[in-house]
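Overview (structure and organization)
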Amino acid sequence: MKLPSLFRRTPFRLTLLFLALFVATASAVLAYVYVASASEARARAEASVKVEVDALTAIYRTRGKDALNQALVERAIRGGPYLYVLKDAAGKIVTANITDVPDGVSTGEWETFRLTDTDEDGRVRKRQSIGLDTALSGGEHLFVGEDVGDVEAYLSRLTQALWGAMIMVLILGIGGGLVISRRVEKSMSGLNRVVAAVQEGDLKVRAPIRNSGDELDELGQGLNTMLDRLEASMASIRHAGDAIAHDLRSPLTRMRAKLEVALMDADAGKVSGVDALGVALDEADLLLKTFNTVLAIARLQAGGAPDPKVFDAAELATDMAELYEPSGEDKGLEFSAEIEKGLMIEGNQPFLAQALANIIDNAIKYTPSGGAVKFRARRRSSGEIEFSVTDTGPGVPDEDRERVLQRFVRLDNSRTEPGSGLGLSLVTAVAEAHGGRVQLDEGPGAYGGQGPGLRVALVLPPASGTAG
Amino acid sequence: MRILVVEDDAEAATAMVRGLSEAGHEVTHAVDGAFGLLESQKGGYDVYVVDRMMPRLDGVGMVETVRKGGDQTPVLFLSALGEVEDRVTGLKAGADDYLVKPYAFAELIARVEALARRRETGGVQTVLKVGDLEMNLIGRTVHRGATEIDLQPREFQLLEFLMRHAGQSVTRTMLLEKVWEYHFDPQTNVIDVHISRLRSKIDKGFDRAMLQTVRGAGYRLEA
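Predicted model only: the values in this text are computed from it and were never measured.

Right, let's get into the overall build of chain B. Scanning chain B from terminus to terminus reveals eight helices and 12 strands. Residues classed as buried in chain B amount to 37% of the 223 residues present. For chain B, restricting intrachain contacts to residue pairs at least 6 apart in sequence, the fraction spanning at least 24 positions comes to 59%.

Written as C-alpha cells, this is what we have:
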C-alpha cells in the first residue's frame, strides 16, 4: 500500500519520528512516577496503619476488650484517617466506623478494598483503601484500615494531565510538522521547478533565493551557479558551431565562385581553368587547416597533451626564433630573442612548437613595418617557464583580451588579415592541456607612431623535479 | 621506380595509383594489410605506401611484420586527419616517413621519391656535388665553381638536404620536418624566407639559377 503523499515527505516523517520518541519517553517517565508515587503512598499508609494497630492492640492487652472498644468509639467520634472494624469471637461486629466491611479478609495480610463513601454533596464514591486484620488473644478480630483514595486521585489526575499534555504535543507536533513540511516543500518545489524546466531544455530558469542562508538557499545558489556555467558553455558551443559554419562557409563560397568562373572561362576557350583549380585547391587546403585546428583544440580540451615528454624548451625557443627571425626582418621589423638556458618542461613538443609559432606569427602579422617583436623564454621566480612575445603593433584593448582567446573571435581591425581566428584559441588549449595558461598584457606603449602593442605570454609549469 | 600502395579506400587508391603512374612510376595496389604483406613478399619494390586504418591487417601490423621479416624497403605511412599520436606509433612500427590525410599530391610524390632516393644513396658521402655546386660535409664548406659560399649552420643543413634530393621536388613541410625537425603548421611561409636567403647566396651573381620554385609543390635544386 502506498502511503499518502504527506507521509512520504521528509520533514513530516521527521516530525512523526520525533513525536513518537517524545511519547515513548513521556510514557516511560509517567510509568516511573506512577509506580514510585503509588508504592511510596502505600508504604506510608501501611506504616501508619501498623502504628495504629500497635497502639490499639496495646490497649487491648493492658486494659481489655471494653477499653479497646471504648478507644475505638472515641477515635471514631473524634474523626481521623483510620477505618475500624472490631468483631467479637463469634464474628459479629461490635464496633465499626465503616458500613461495608470487606468479607473474607485473611488475618495478618494487607487487604486492598473499595470503600463506599458519601461526599459533602451526598454523592456516593468508591474510595481506594487498605487495611490489616489482626486476631486478638480473646478471639476477637480487629481490622484497621486507611483511606488512600487521595493518593489515588492525585495519581490519576497526574496521569490525566500527562496524557492531556501528550495529546496536545501530538496535535501541535503534527500541526507544526505539517507547516514545516509545507514550507520546505514550497522551497523545494522552487528547486524542483527549476530542475524540471532544465530537463525540458530551458537553461534560463534560476532557483529563487530567499537570502535565509540555509541549506536550501545554498543548494539553490549552487544550482544557479551550475546553470550559469552550463548556459555559458552551451552558448559558447553554439557560438563555436555558428562560427565554424560561418568560417567554413566563406571559403566554400569563394571556392564555388572561382570554380564557376573557371568553368565559364573553360567554356569560352580562355583556358585559364587550371589556374582557377589551383586557387580552389588552396581554398580547400585552408578549409582543411581550419578543420584540423578545430579538431586539435577539441582533442586537447578533451584529452590533454598527447605523448608528453620531458625536453629542453630553450632549444625549442631557439629554433623558433631562428625560424621566424628572417620573416620578421623581411617585413621590416626589429626581431630579437632572449632565451635563458635549461628550461626543462614536460609536454607534447609539436603542440608547444605550434603554440609558439602561432604567437610569434601573430606578432609579426599584426606589427606594422618599422616596429619591433621581442621573443623571450625564461624561468620565472616561481619556477614556471614563461614564453613571451611582445610587439609594438596596435595591441588588443583591455576589454577584448579575454575574448580573443576564444574560438573564431577576430577583432574587426584584423579581419582583413588571413587567418581563422583560431590561433590564440589553440595556444590557450595547448597551455591548458599542459597545466599552464595564456596571459595577454599591454605592450611597451606608444612607440614611433605605433602601439600600444601586445604582450602574449605562455606560462607552463616546469617539468617535475627540475624546478629547483 | 616500383611502388606498392596498400590502401582499402578504393577511391583514394585509384587517385594514388593514377597520380603515381603519371609521375612515371610502376604502381601495384593491395586492398588491405594481408594482401599488402603477400605482395611485399614477392619483392622488387622501392617504396611501400601503407594506409594506417585497414580491415584484417592494419598498417601498423603490416609494417611490423614486414620489418620482422628483414625487409628494409622504405615505408611511407598514411593516416587520417588529425591523429596526433599516430605519427609516433607509425614510426615506432618501422615506417620511415609519415603523411596525414588529406595531403597534396605533390607532397605524396615528393615524399615517395625522397624515400626511394635515400635508399639509392645509402653509402657514406663526404662530398656532395650538384652541377658546379660542391659541398664538403667534413670541412663544412660550400663552393659554387671557384666561389666559396658562406652559409649559416641552418642554411648549410637546408642546402645539404636539397643537394641530397637534387632533381626532386621537396615540399615546405618536408623541409620543416627534415631540416628543422619540427611537425607543426608554421602559418605563414617561413620556409620561403629561408629559401630566398639561401637562394640569394648560391644563385646571386651566377648566370643560371639552381634553386627553383616548383609551383604547387615546393622547391627543386637543379644541376
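The discussion continues.
With that out of the way, let us pick up the overall build of chain A. Summing up its helical and strand segments, chain A has nine helices and 12 strands in all. Across the 468 residues in chain A, those meeting the buried criterion constitute 25%. By sequence separation, contacts in chain A at least 24 residues apart represent 62% of the contacts at least 6 residues apart.

Glancing now at unusual backbone geometry. Backbone geometry places Asp-307 of chain A, a non-glycine residue, at a positive phi of 50 degrees. With respect to the element layout, Asp-307 of chain A can be found in the loop between α5 (273-303) and β6 (309-312). Under the C-beta neighbour-count criterion, Asp-307 of chain A is labelled partly exposed, with 14 such atoms within 10 Å. For Arg-140 of chain B, which is not glycine, the phi dihedral falls at a positive 55 degrees. Within the element layout of this structure, Arg-140 of chain B appears in the loop between β7 (133-136) and β8 (141-144). Residue Arg-140 of chain B is classed as exposed on the basis of its 11 C-beta neighbours within 10 Å.

Turning next to the interface of chain A and chain B. A common way to report how large an interface is uses the accessible area buried once the components associate. The interface is formed by 22 residues belonging to chain A together with 20 residues belonging to chain B. Counting residues per element, the ones that place at least two in the side of chain A that touches chain B are α5, α6 (313-330) and α7 (349-366) of chain A. Looking at side-chain class alone, the side of chain A that touches chain B contains 10 nonpolar, five polar and seven charged residues.

Quick look at the confidence of the model for chain A now. Within chain A, residue pLDDT values average 81, and 88% of them lie at 70 or more. By mean pLDDT, helix α8 (residues 401-404) of chain A is the weakest element of chain A at 74, and strand β9 (residues 372-379) of chain A is the strongest at 94.

What follows deals with the packing of helix α1 (residues 10-63) of chain A against helix α3 (residues 149-199) of chain A. All names here are of chain A. At a closest axis distance of 9 Å, the pairing of α1 and α3 adopts a crossing angle of 170 degrees. Put simply, α1 runs roughly antiparallel to α3. Residues belonging to the contact of α1 with α3 are distributed by class as follows: 23 nonpolar, seven polar and no charged.

All right, on to the packing of α1 of chain A against helix α2 (residues 65-78) of chain A then. Residue and element names in this part refer to chain A. Between α1 and α2, the shortest axis-to-axis distance is 7 Å and the interhelical angle comes to 145 degrees. From α1, Leu-56, Ile-59, Tyr-60 and Arg-63 reach across to α2, where they touch Lys-65, Ala-67, Leu-68 and Ala-71. Looking at the contact of α1 with α2, its residues break down into six nonpolar, no polar and two charged.

Counted at 1.5 Å a residue, the expected span for α7 of chain A with its 18 residues is 26 Å, and the 26 Å between its end C-alpha atoms agrees. Among the 18 residues that make up α7 of chain A, 16 are buried, leaving the element largely enclosed by the rest of the structure.

Another point: the pairing of strand β6 (residues 127-130) of chain B. Here four bridges tie β6 of chain B to β7 of chain B, and the two strands are oriented antiparallel to one another. When the bridges of β7 of chain B are listed, Leu-128 of chain B appears paired with Met-135 of chain B.

Let's shift gears to the confidence of the model for chain B. Confidence along chain B averages 87 in pLDDT terms, with 96% of residues attaining 70 or more. As a predicted assembly, this complex carries a pTM of 0.62 together with an ipTM value of 0.84.

Once that is clear, we can look at the environment of Phe-113 of chain A. All names here are of chain A. Looking at the element boundaries, Phe-113 is found in strand β3 (residues 110-118). Look at Phe-113 and you get partly exposed, because 18 C-beta atoms sit within 10 Å. Measuring from C-alpha to C-alpha, the distance between Phe-113 and Gly-131 comes to 7.9 Å, with 18 residues separating the pair along the chain.

Moving on to the sheet that holds strand β3 (residues 47-51) of chain B. Residue and element names in this part refer to chain B. Ordered in space as β2-β1-β3-β4-β5, the five strands form an open sheet in which the pairing is parallel. Looking at the sheet topology across the chains shown, the edges are occupied by β2 (26-30) and β5 (97-100). Geometrically, the sheet is characterised by an average inter-axis angle of 20 degrees between neighbouring strands, direction not taken into account. Pairing of strand β1 (residues 2-6) with β3 involves four bridges; the strand directions are parallel.

With that out of the way, let us pick up the nonpolar core. Met-320, Ala-355, Leu-356, Ile-360 and Val-430 of chain A together with Val-49 and Val-112 of chain B are the most contacted members of the largest nonpolar core, which totals 106 residues. Sorting elements by how many residues they give to this core places α7 of chain A first, with 11 residues. Ignoring sequence-local partners within four residues, the contact set of Val-49 of chain B consists of Ile-3, Val-5, Val-6, Met-16, Leu-76, Leu-78 and Val-112 of chain B.

Let us look at the sheet that holds β6 of chain B. Residue and element names in this part refer to chain B. Strand order in the open sheet made by the four strands is β6-β7-β8-β9, with antiparallel pairing throughout. Of all strands in the sheet, those with a lone pairing partner are β6 and β9 (147-149), marking the two edges. The average undirected angle you get between the axes of adjacent strands in this sheet is 20 degrees. Here four bridges tie β7 to β8, and the two strands are oriented antiparallel to one another. Across the sheet, the residue bridging to Met-135 is Val-142, located in β8.

Within the secondary structure, Ala-372 of chain A is located in strand β9. Apart from residues no more than four positions distant in its own chain, Ala-372 of chain A is found in contact with Leu-333, Glu-334 and Thr-392 of chain A.

Between the first and last C-alpha of helix α1 (residues 10-22) of chain B there are 18 Å, a value that for 13 residues agrees with the 18 Å anticipated at 1.5 Å per step. Once α1 of chain B ends, the next one or two residues include Gly-24 of chain B, with phi positive near 95 degrees.

By the element assignment, Gln-152 of chain B lies in the loop between β9 and α6 (153-164). In sequence terms Gln-152 of chain B and Leu-198 of chain B are 46 residues apart; their C-alpha atoms lie 9.3 Å from each other.

How each quantity is defined
- Residues numbered from 1 in each chain as written.
- Chains lettered and ligands numbered in written order.
- Predicted model: local features only at pLDDT ≥ 70, side-chain atom pairs only at ≥ 80, totals over all residues.
- Helix = DSSP H or I, 4+ residues; strand = E, 2+ residues; numbered from the N terminus.
- Buried ≥ 20, exposed ≤ 12 C-beta atoms within 10 Å, placed from the backbone.
- Contact = placed C-beta atoms within 7 Å.
- Nonpolar A, V, L, I, M, F, W, Y, C, P; charged D, E, K, R; others polar.
- pLDDT = per-residue confidence, 0-100.
- Axes fitted to C-alpha atoms, helices over the stretch in contact; angles between N-to-C directions.
- Parallel < 35°, antiparallel > 145°, perpendicular 65-115°, else oblique.
- Expected span 1.5 Å × (residues − 1).
- Pairing = 2+ DSSP bridges.
- Core = buried A, V, L, I, M, F, W, Y, C linked by C-beta atoms within 7 Å.

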